[in-house]
Amino acid sequence: MLQEIQQPIVHDLERYRACFRSALVCDNPLLSAALRHVTQREGKQMRPTLVMLCALAAGAVTDASLHAAVGLELLHTASLLHDDVLDESDTRRGQPSVNALWGNKAAVLVGDFLTSKALQEVTATDHPRVIARTGWLGQQLADGELEQMAVMAEPDFRPDRYYSVIGKKTASLFSTAALAGALLGGANDELAGRLERVGHAIGLCFQLRDDLLDFDSSQLTGKPKFIDLREGKVTLPLIYALNTTGDVAMTKLALHARCGEASDAECRELTSFAIDHGGVAHAESEMQRLRDEACAELGTLANDDAARALQRYFDFVIQRDL
């Protein structure tokens, strides 16, 4: 499905990859080694794809669009490096993390280098609104991390707090990618706003789907089992089940998990509870609701190829298994 999604921008993606590689050229051996390690797996390029599809939907993919795509991907990569330091993670996407190989100090500095490079790339768009939005994005990512820390110390489980955190940590990046692409593709304010809302909905679904993988018993996902609960993250399926049942014993167990102290057996019990009491079904229905609302925004796009690709993009996000 991803190849079909990217077909309208396949040549632009090649130009993007060349720009991305060029942005990472440096003469520091340690930095070069760390950057090669971080970027040796290209991944699905979801955010750059969204920038370019929204640019196409607005008019055309320009050189400025490519700079924005590179800048946002660099900022995203920097945030992952910093997350690994904060979470003391030894792996990232199935390979050793930068902090595991070179230490926390190097990981933070490589992340700082990438952040500076990201700002350089976005500045090259020469679009004040895109530049300002990227500054806002950096604030949202940090704010989301801090809010998540605050939530983990709270005595209750509120859906609005969950959505606030994922809105800042995940949806802000997707909405910024969509808005930047739209503006740099030539969109007016009305179209840019519509595509920004689509990007926000995609980001929420992206995180909802990622959280649902923790409840998948098939063992076919690319996500370690119970990783969210082990890290103290209580996500929407369990939040919904706790709030609809009011189960005191399970709420106490979920608070224990929120401290990062749950055993595999306790994680399994909480997961089964969420599944049995409609939490997974609720999260899946939320993704479908967000998709339907966003696709209504796409219905009037002038570029049919871009509209179809964005709808398929949404389907890919909510169906992915890693």
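Details of the structure are given in the entry above.
Residues numbered from 1 in each chain as written. Predicted model: local features only at pLDDT ≥ 70, side-chain atom pairs only at ≥ 80, totals over all residues. Heavy atoms only, no water.

Peer 1: Requested: an account of the nonpolar core, with residues and values cited.
Peer 2: Among the nonpolar cores identified, the biggest contains 102 residues, and Leu 50, Leu 195, Leu 238 and Tyr 313 are the most heavily contacted of them. Of all the elements, helix 9 (residues 159-185) adds the most residues to this core, at 12 residues. (Core = buried A, V, L, I, M, F, W, Y, C linked by side-chain atoms within 4.5 Å. Buried < 20%, exposed > 50% of the residue type's maximum accessible area, 1.4 Å probe, protein only. Helix = DSSP H or I, 4+ residues; strand = E, 2+ residues; numbered from the N terminus.)

Peer 1: Kindly report on the packing of helix 9 against helix 10 (residues 189-212), identifying the contributing residues and their values.
Peer 2: To characterise two packed helices, one gives the angle between the axes of the helices and the distance between these axes. Between helix 9 and helix 10, the shortest axis-to-axis distance is 7 Å and the interhelical angle comes to 140°. For the element pair helix 9 / helix 10, the angle class is oblique. Judged by the sense of rotation from one axis to the other, the crossing of helix 9 with helix 10 is right-handed. Facing Tyr 162, Tyr 163, Ile 166, Gly 167, Thr 170, Ala 171, Phe 174, Ser 175, Ala 178, Leu 179, Ala 182 and Leu 183 of helix 9, the residues of helix 10 in contact are Ala 192, Leu 195, Glu 196, Gly 199, His 200, Ile 202, Gly 203, Leu 204, Phe 206, Gln 207, Leu 208 and Asp 211. (Axes fitted to C-alpha atoms, helices over the stretch in contact; angles between N-to-C directions. Parallel < 35°, antiparallel > 145°, perpendicular 65-115°, else oblique. Left-handed = near helix turned anticlockwise from the far one by under 90°. Contact = heavy atoms within 4.5 Å.)

Peer 1: Any chance you could break down the environment of Cys 295 for me, citing the residues and the numbers?
Peer 2: Checked against the element boundaries, Cys 295 lands in helix 15 (residues 279-298). In this structure, the C-alpha to C-alpha distance between Cys 295 and Ala 201, residues 94 residues apart in sequence, is 9.9 Å.

Peer 1: Residue-level account of the pattern of salt bridges, with values.
Peer 2: Should the charged atoms of two oppositely charged side chains come close, the side chains can pair. One pass over the full model with this rule turns up 23 salt bridges. Residue Arg 320 pairs with Asp 210 through a salt bridge whose shortest N-O separation is 3.9 Å. Here Arg 320, found in the segment after helix 16 (304-319), pairs with Asp 210, found in helix 10; they are 110 residues apart in sequence, far enough to count as distant. Given a relative accessible area of 7%, Arg 320 falls into the buried group. Judged by relative accessible area, Asp 210 falls into the partly exposed class, the value being 23%. Put simply, Asp 143, Glu 147, Glu 154, Arg 161 and Lys 168 are held in one network by salt bridges that share partners. (Salt bridge = Lys/Arg side-chain N within 4 Å of Asp/Glu carboxyl O.)

Geometric descriptors of this kind do not, in isolation, establish any biological role.
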